[in-house]
Structure formats: structure tokens, C-alpha cells
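For reference, the chains in residue letters:
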Amino acid sequence: MTNSLKVVVTKDGSHTLFVPELNEHYHSSFGAVTESRHVFIEAGFREASRKLDRLKILEVGFGTGLNALLTLLEAEKLQKEVSYTAIEAYPLDITLVGKLNYPELQALEEYPAAFRRIHLVSWIPYPPSLISHQQITNYFSIQKIHCSLEDYRPSSVCFDLIYFDAFAPDKQPEMWSEKIFASLSQSMVPGGILVTYCVKGEIVRRLKSLGFLTEKLPGPPGKRHMLRAIKM
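About the criteria used
- Residues numbered from 1 in each chain as written.
- Predicted model: local features only at pLDDT ≥ 70, side-chain atom pairs only at ≥ 80, totals over all residues.
- Heavy atoms only, no water.
- Pairing = 2+ DSSP bridges.
- Helix = DSSP H or I, 4+ residues; strand = E, 2+ residues; numbered from the N terminus.
- Phe/Tyr/Trp six-rings, centres within 6.5 Å; stacked < 30°, edge-to-face > 60°.
- Buried < 20%, exposed > 50% of the residue type's maximum accessible area, 1.4 Å probe, protein only.
- Right-handed = clockwise from strand over helix to strand, strands pointing away.
- 1 Å grid on protein atoms, 1.4 Å probe; cavity = no way out; pocket = protein on both sides within 12 Å on 5 of 7 lines; lining within 4 Å.
- Points joined across faces, edges and corners; volume = space filled by probe spheres on them.
- Nonpolar A, V, L, I, M, F, W, Y, C, P; charged D, E, K, R; others polar.
- Polar contact = N/O pair within 3.5 Å; in protein donor to acceptor, adjacent residues only side chain to side chain.
- Disulfide = S-S within 2.5 Å.
- Contact = heavy atoms within 4.5 Å.

A. Quick peek at the pairing of strand S1 (residues 6–9). For S1 and strand S2 (residues 15–19), the ladder comprises 4 bridges, and the chain directions are antiparallel. If you follow lysine 6 over to S2, its bridge partner there is phenylalanine 18. Between S1 and S2, which pair antiparallel one after the other, the connecting turn spans 5 residues, and glycine 13 there sits at a positive phi close to 90 degrees.

Structure, rendered in C-alpha cells:
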């Protein structure tokens, strides 16, 4: 799938990738950085970090590494220690990553080295024989696990926050099943937060059936709503 990816400029000037096989973008065409900040940083990280100085975060769908980079920036800004775990079935080639303009954008101009270091962290095959995070900055460490979401089984109850950034349900319905959300729920601490751009009724109902408190929040440009779910 990754061989045919095309770099596309979104409306806020930041890059995303287009997947011809799925007729789908990695991020919103209305603004990749704008969407990621709105959904994952503002509605997710900032909410979770209000009561915590140390956060364990799981990202479902590492993709371009944009969410990881924005989280690193926010962790440094707020001086919150972040232990970040990312899972991805189709890691990007480092040559393609080098074409993305996130570090060169005005707000991110001091962090090109950090973005590259995030991508140079080796992918760990699943199940990992040794789970270890690599320190990128004083406040941000990461481990990257190469596997599909269907195969991933969290080994402990530890996550304070989950970024659920899979492709849309109509493109990859297997990623949004109740079984998947049940597995993720088991890995979350009480009060843990899951954020995603998707607010389809069936997804909300699945999360509610698993005991999540769900709330629709104003969405980023191009979307009316986004979803935040809290494990009760």
C-alpha cells in the first residue's frame, strides 16, 4: 500500500498522504496539522494532562508521525513526561518521510531533528521480546510496534490516553469493531480518554456498550463533530 502514496498539500499548507487504493488521505484535506492539533492535542492531550504530570499514550495508526511530533511539542511546552507507544501495520519509508514539511512549518521550525529521530526509532516486531522506549527529548520517549490493530493485544492496564487515528470505518471497517475497542478498553486506566475524528452512530454505540462516557465535541475545519470517550 505504501508504494503508491502521494504527498498532497492541505489547506493549512501542511502535507498529508493520499492512498489511491483506498481513495483516502492520511489527514483532513482541510488541514493536516490543524486537524491533528484539534482532535488529538486540544481535545485529548490537554484534557488528559490537566490532572497528570506523566502520561502513557497509545497511538493507533502512527502514519506520518504528525501526532507524535505535535505531542512531543506539547509535552515540552507543558513539561509533562510522555511515554508514547505507536502501532502501525504499514510503516512509511524514511525517504517519503523526508518529503513531509511538518518540521519546516513556522510553528515547528525548531524541531526537524526531533521529527527525524522519531522516525529513526526502530520498529519492534509483534509480539515484542523486549519493550523499551527511546528518549527523544527530556519529556518525550517512544516505542514503535509493527503490527496490525487486529493482532495487537495490550499486555497491561496502563494507558491514560489513546489517539484512535485509523482510516475511516467505510474504508477499513475491521479497525472499528467492538472487539477492537474492548481490547483497547482493557488497556486503559479508569478515567482514561480515547479521542478520534469519527462520530458515526455505530461507533458511538459500541463505545457506550463497553461502558465509555462519550461526548461529541466541535470538530476541526471540514467536520461538524469529533468524539471523546472516557473509560468509566
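Next comes the rest of the description.
B. A look at the sheet that holds S1. Read from one edge to the other, the open sheet built from 3 strands follows the order S1-S2-S3, with strand pairing classed as antiparallel. The open sheet has two edge strands with one neighbour each: S1 and strand S3 (24–25).

C. Spotlight on the packing of aromatic side chains. Evaluated as defined, the whole model comprises 11 aromatic pairs. Residues tyrosine 84 and phenylalanine 140 carry aromatic rings whose centres are separated by 5.3 Å and whose planes lie at 45 degrees to one another, so their mutual orientation is tilted. Of the two residues, tyrosine 84 sits in strand S5 (residues 81–88) while phenylalanine 140 sits in strand S8 (residues 140–146), which places them 56 residues apart along the sequence. Since its relative accessible area comes to 0%, tyrosine 84 is described here as buried. Of the residues examined, phenylalanine 140 reaches a relative accessible area of 0% and is grouped as buried. A network of ring pairs unites the aromatic residues Phe40, Tyr84, Phe140 and Tyr163 as a single cluster.

D. Spotlight on the pairing of strand S4 (residues 54–60). Of all 7 residues in S4, 5 are buried; the element is thus mostly enclosed. Direction of pairing for S4 relative to S5: parallel, over a ladder of 7 bridges. When the bridges of S5 are listed, isoleucine 57 appears paired with tyrosine 84. In this view, the connection linking S4 to its parallel neighbour S5 by way of helix H2 (residues 66–78) has right-handed handedness. Relative to strand S9 (residues 159–164), S4 runs parallel, the two being bridged by 4 bridges. Across the sheet, isoleucine 57 pairs through a bridge with leucine 161, a residue of S9.

E. Quick look at the layout of surface pockets. Size it by volume and the largest pocket reaches roughly 770 Å³. For the largest pocket, the lining is made up of 43 residues, of which Asp165, Ala166, Phe167, Ala168 and Tyr197 are closest to its centre. Elements represented by at least two residues in the lining of the largest pocket include exactly S3, S4, H2 and S5. For the lining of the largest pocket, a count of residues per class yields 20 nonpolar, 12 polar and 11 charged.

F. Layout of the side chain of serine 148. Assignment of secondary structure puts serine 148 in the loop between S8 and S9. Separated by 3.1 Å, the side chains of serine 148 and aspartate 151 make a polar contact.

G. Up close: the state of the cysteines. Within the structure shown, the criterion is met by 0 disulfides. With no disulfide of its own, cysteine 158 has cysteine 147 as its nearest cysteine by sulfur position, at a separation of 14 Å. Judged by its relative accessible area of 17%, cysteine 158 falls in the buried class.

H. Spatial organisation of the side chain of threonine 16. Examined against the element boundaries, threonine 16 turns out to sit in strand S2. The exposure class of threonine 16 is buried, given its relative accessible area of 0%. When neighbours within four sequence positions are excluded, threonine 16 is seen to be in contact with Lys6, Val7, Val8, Thr10, His25, Tyr26, His27, Ala32 and Tyr102.

I. Highlighting helix H5 (residues 178–186). Listing the buried residues of H5 in full gives Ile180, Phe181, Ser183, Leu184 and Ser185. Looking at the buried positions of H5, the neighbouring elements they touch are S4, S9, strand S10 (188–196), helix H6 (201–209), strand S11 (212–218) and strand S12 (225–231).

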